[in-house]
Amino acid sequence: MKTYLLSIYQPDGPAPEAAVLEPIMRGLAALTKDLQDAGAFVFSAGLCPPDTATVVRSGATGALVTDGPFTEGKEHLGGFTVIQAPDLDAALKWGERMAAVTTLPIEVRPFQQ
C-alpha cells in the first residue's frame, strides 16, 4: 500500500455558517468512517487559520522568523487526511469523494517511498 496526502484547500475568509458547515462535517465523518472500514485511514487534522502561521527561513545571520503564511493567496491549506491506497487511482477515488463532501479542491499527492 502506498501513502497519500489529501490536502483540503479552502477560500480565505470566515468559516461558513453552521447551516452550511454542519452537513459538510457530517459528510466528512461518514467519509472518515468509510476510510477506516476500508483500512485506508491513517489520520487527519484541521489547521488553524493562516494568520496563525509562522514562517522560519534560514539566513546568513541565523533564522528569520515572520508571522503569517508563506504565500499570499485567495485560498489556503485548511486541513488534510493521510490515507493508504493500493495505487493512485484508488487514492483519487477517495479524493473525489472528499471534494464532493467539502465542495472544495482536494490535492492528492503520494508520499515518497
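This structure is a prediction, so every number in the text was calculated from the model and none was measured.

About the thresholds
- Each residue is numbered by its place in its chain's sequence as written, counting from 1.
- Restriction of local features to residues with pLDDT of at least 70 applies here, the model being predicted, together with a cutoff of 80 or more for giving and counting side-chain atom pairs; totals for whole chains, interfaces and linings are based on all residues.
- Each side-chain value is worked out from all heavy atoms of the structure, with water and hydrogens disregarded.
- Strands are runs of DSSP state E lasting at least 2 residues, helices are runs of H or I lasting at least 4, and numbering of each runs from the N terminus.
- The contact rule is simple, with two residues in contact once any of their heavy atoms fall within 4.5 Å.
- Charged-residue counts in this description rest on Lys and Arg as positive and Asp and Glu as negative, His and the chain ends being excluded.
- Lysine's charge is taken at NZ, arginine's at CZ, aspartate's at CG and glutamate's at CD.
- Lines fitted to the C-alpha atoms define the axes, with helices restricted to the stretch that makes contact. Angles between their N-to-C directions range from 0 to 180 degrees.
- Note on terminology: angles under 35 degrees are roughly parallel, angles over 145 are roughly antiparallel, angles of 65 to 115 are roughly perpendicular, and the others are oblique.
- In this scheme, a crossing is called left-handed if the near helix is turned counterclockwise away from the far one by less than a right angle; it is called right-handed if the turn is clockwise.
- A score from 0 to 100, pLDDT tells how confident the predictor is in each residue.
- The nonpolar core is taken to be a set of buried Ala, Val, Leu, Ile, Met, Phe, Trp, Tyr and Cys residues, with the residues joined through side-chain atoms within 4.5 Å.
- Only protein chains enter the accessibility calculation, which uses a 1.4 Å probe; a residue is then buried when its area is under 20% of its type maximum, exposed when over 50%, and partly exposed in between.

Trainee: What exactly am I supposed to notice about the overall build of the protein chain here?
Mentor: Across its full length, the protein chain holds two helices and six strands. In sequence order, the protein chain lays out its α and β elements as β-α-β-β-β-β-α-β. Structurally, the protein chain occupies a C-alpha span of about 50 × 40 × 20 Å along its principal axes. Put simply, 76% of the contacts in the protein chain that link residues at least 6 apart link residues at least 24 apart. Taking the average place of the 8 positive charges on the side chains of the protein chain and the average place of its 13 negative ones, the gap between the two points comes to 5 Å.

Trainee: Is there a simple way to think about the side chain of Thr81 in this case?
Mentor: Considering the arrangement of structural elements, one finds Thr81 in strand β5 (residues 75-85). The residues touching Thr81, leaving out its near neighbours within four places in the chain, are Tyr4, Leu5, Leu6, Leu35, Phe41, Phe43, Ser44 and Met98.

Trainee: Help me understand the packing of helix α1 (residues 18-37) against helix α2 (residues 88-102), please; the structure alone is not making it clear to me.
Mentor: Geometry of a packed helix pair, given as the angle between the helix axes and the separation of the axes. One can describe the packing of α1 onto α2 by two numbers: an axis separation of 9 Å at closest approach and a directional angle of 160 degrees. As summarised for this structure, α1 and α2 are arranged roughly antiparallel, according to the angle between their axes. Here α1 and α2 pass one another in a crossing that is right-handed. In this structure, α1 uses Ile24, Gly27, Leu28, Leu31, Asp34 and Leu35 to contact α2, whose residues at the interface are Trp94, Arg97, Met98, Val101 and Thr102.

Trainee: In this structure, what is going on with the confidence of the model for the protein chain? I would like to understand it.
Mentor: Detailed reading of the predicted coordinates is not advisable wherever pLDDT is low. For the protein chain, per-residue confidence averages 92 on the pLDDT scale, and residues scoring 70 or more make up 100% of the total. Model confidence for the protein chain, summarised as mean pLDDT per element, is weakest for strand β4 (residues 62-67) at 88 and strongest for α2 at 97.

Trainee: Got a minute to help me understand the nonpolar core in this structure?
Mentor: One broad rule of soluble globular proteins: the nonpolar side chains tend to lie buried together. By size, the foremost hydrophobic cluster in this structure holds 15 residues, and its most contacted members are Leu6, Ile83, Trp94 and Met98. Only β1 (2-11), α1, β5, α2 and β6 (106-110) provide two or more residues apiece to this core. A per-element tally of this core places α1 first, with four residues. In contact with Met98, other than residues within four places in its own chain, are Leu6, Ile8, Leu28, Leu31, Thr81, Thr103 and Ile106.

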